[in-house]
Amino acid sequence: MTVGKHVEQFHGLPVLAFVPAVEEGAALPDPAAVAWKIGVEYDSPMSFVQQWQRFLDTVDTERVTAVVVGEWSVDGPDSFAGPLAAVLAAAGRLPALRALFIGDITYEESEISWIDMVDVTPVLTTFPQLEELVVRGASGETVEGEGVSLKPLRHDRLRALRFESGGLPAAVLRAVAESEFPALERLEFWLGVEMYGGDSTPADYAPFLDGSRFPALRHLGLQDSEAQDDIAAAVAHAPVVARLESLNLSMGVLTDKGADALLEGQPLTHLKALDLHHHYLTEAAQQRLRQALPGVALDLSEPGNPDDQWRYVAVAE
């Protein structure tokens, strides 16, 4: 399965696609009132870099707080290196930027495993005021680029970080674990499958579970895994859970074994929300969860057939 919807809200703001908005000739909104999406259509006569320059020349970018980067190639999954360089070069014209989503691309434009991502460390070093970063893209098994990567660093303002991938390299998790993000409140990983580069092991999740990292963390997502039962078992006894407000173990191959592990572990009744959508739980297991967590917003949507021989994560290719 692939990512099938474009983001409609980002950083608490409605997303506005810049190109159709400006070409319709209507009055543009307050630059701070929307998250501006810049991308190219399949038949666009302009490149992403040209559209990006058009955005800079049209909108009062000194007041822009959120940007969503959409499709950047009309010819296929070219590396993000060129478009990223253009975005970084404009940092001085985006002093108010607080949120950046890289790769709002659906399967109709490119499979997630074809989104040729790059090292995103420069995003954080170039935008020290950034509060939210979302990166969607491929692992090291890419078509043209080197794949999504990160180098350990310190960033004092980042509050939310999410990596979306059909196969997230363990090196990314390790780099995050080795980084210093004192303000980080929300952290999510789409782990994916080994076929597409998802090679993480329990040792790679441990730094996020033992409570030793990120003192401000209130939401953790370890999602989209073939080993979702093992992750649930590790989370069930993880010290970090006691200070979380919400937990996301969705999109993976969660079965009754994982649900039972959660119920047999530490209390989860303090959570405001537990997201388990896209799962393979029996009706009995779902009912046990509902009864044990009456005050928790529990998402058990998108159930799969527990008797299926073949079980799949939500996002792979």
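None of these values were measured; they are calculated from a predicted model. (Residues numbered from 1 in each chain as written. Predicted model: local features only at pLDDT ≥ 70, side-chain atom pairs only at ≥ 80, totals over all residues. Heavy atoms only, no water.)

Further remarks concern the sheet that holds strand E5 (residues 99-102). Consider a sheet: its strands pair through backbone hydrogen bonds, and that pairing is either parallel or antiparallel. As summarised here, the arrangement of the 12 strands in space is E1-E2-E3-E4-E5-E6-E7-E8-E9-E10-E11-E12, forming an open sheet in which the pairing is mixed. Two strands close off the open sheet at either side, each with one partner strand: strand E1 (9-10) and strand E12 (297-299). Pairing between strand E6 (residues 132-136) and strand E7 (residues 160-164): 5 bridges, direction parallel. Across the sheet, the residue bridging to Val135 is Phe163, located in E7. Packed onto the sheet, helix H5 (residues 170-178) meets E7 and strand E8 (186-192) and runs at close to 165 degrees relative to E8. (Pairing = 2+ DSSP bridges. Helix = DSSP H or I, 4+ residues; strand = E, 2+ residues; numbered from the N terminus. Contact = heavy atoms within 4.5 Å. Axes fitted to C-alpha atoms, helices over the stretch in contact; angles between N-to-C directions.)

We now examine the pairing of strand E4 (residues 66-69). Residues Ala66 and Val68 point to one face of E4 and Val67 and Val69 to the other, with burial holding for every one of them. Bridge count between strand E3 (residues 35-38) and E4: 3 bridges; the pairing is parallel. The residue of E4 that forms the bridge with Ile38 is Val69. As defined by bridge partners, E4 adjoins E5 across 4 bridges and the pair is classed as parallel. Following the sheet pairing, Val68 is matched in E5 by Phe101. (Buried < 20%, exposed > 50% of the residue type's maximum accessible area, 1.4 Å probe, protein only.)

Next up on the list: the confidence of the model for the chain. Mean pLDDT for the chain: 92, with 95% of residues reaching 70 or above. Ignoring residues within four places in sequence, the model shows residues 141-145, a span with pLDDT below 50, making 14 contacts including any to other chains. (pLDDT = per-residue confidence, 0-100.)

Attention now goes to the pattern of salt bridges. Applying the stated criterion across every chain, the model contains 16 salt bridges. Salt-bridge contacts for Glu188 lead to Arg162; the nearest nitrogen and oxygen are separated by 3.9 Å. Of this pair, Glu188 sits in strand E8 while Arg162 is found in strand E7, placing the two residues 26 residues apart along the sequence. Classification of Arg162 as partly exposed rests on a relative accessible area of 22%. What you see here is one network of salt bridges that share partners, running through Lys37, Asp104, Arg136, Arg162, Glu164, Arg186 and Glu188. (Salt bridge = Lys/Arg side-chain N within 4 Å of Asp/Glu carboxyl O.)

Turning our attention to the packing of helix H2 (residues 48-58) against helix H3 (residues 81-89). Contact geometry of H2 with H3 gives a least axis separation of 9 Å together with a crossing angle of 15 degrees. Classed by the angle they form, the pair H2 and H3 counts as roughly parallel. In the packing of H2 onto H3, the handedness of the crossing is right-handed. Residues Phe48, Val49 and Trp52 of H2 touch H3, and the partners they reach there are Gly82, Pro83, Ala86 and Val87. (Parallel < 35°, antiparallel > 145°, perpendicular 65-115°, else oblique. Left-handed = near helix turned anticlockwise from the far one by under 90°.)

Let us look at the packing of aromatic side chains. Using the criterion set out here, one finds 11 aromatic pairs in the structure. Centre to centre, the rings of Trp36 and Phe55 are 5.9 Å apart; their planes meet at 45 degrees, and the pair counts as tilted. Of this pair, Trp36 sits in strand E3 while Phe55 sits in helix H2, and the two are 19 residues apart along the sequence. You can call Trp36 buried: its relative accessible area is 0%. Classification of Phe55 as buried rests on a relative accessible area of 0%. Their ring planes at 45 degrees and their centres at 5.2 Å tell us that Phe189 and Phe208 sit as a pair that is tilted. Of this pair, Phe189 sits in strand E8 while Phe208 sits in helix H6 (residues 202-209), and the two are 19 residues apart along the sequence. Both residues of the pair, Phe189 and Phe208, count as buried. (Phe/Tyr/Trp six-rings, centres within 6.5 Å; stacked < 30°, edge-to-face > 60°.)

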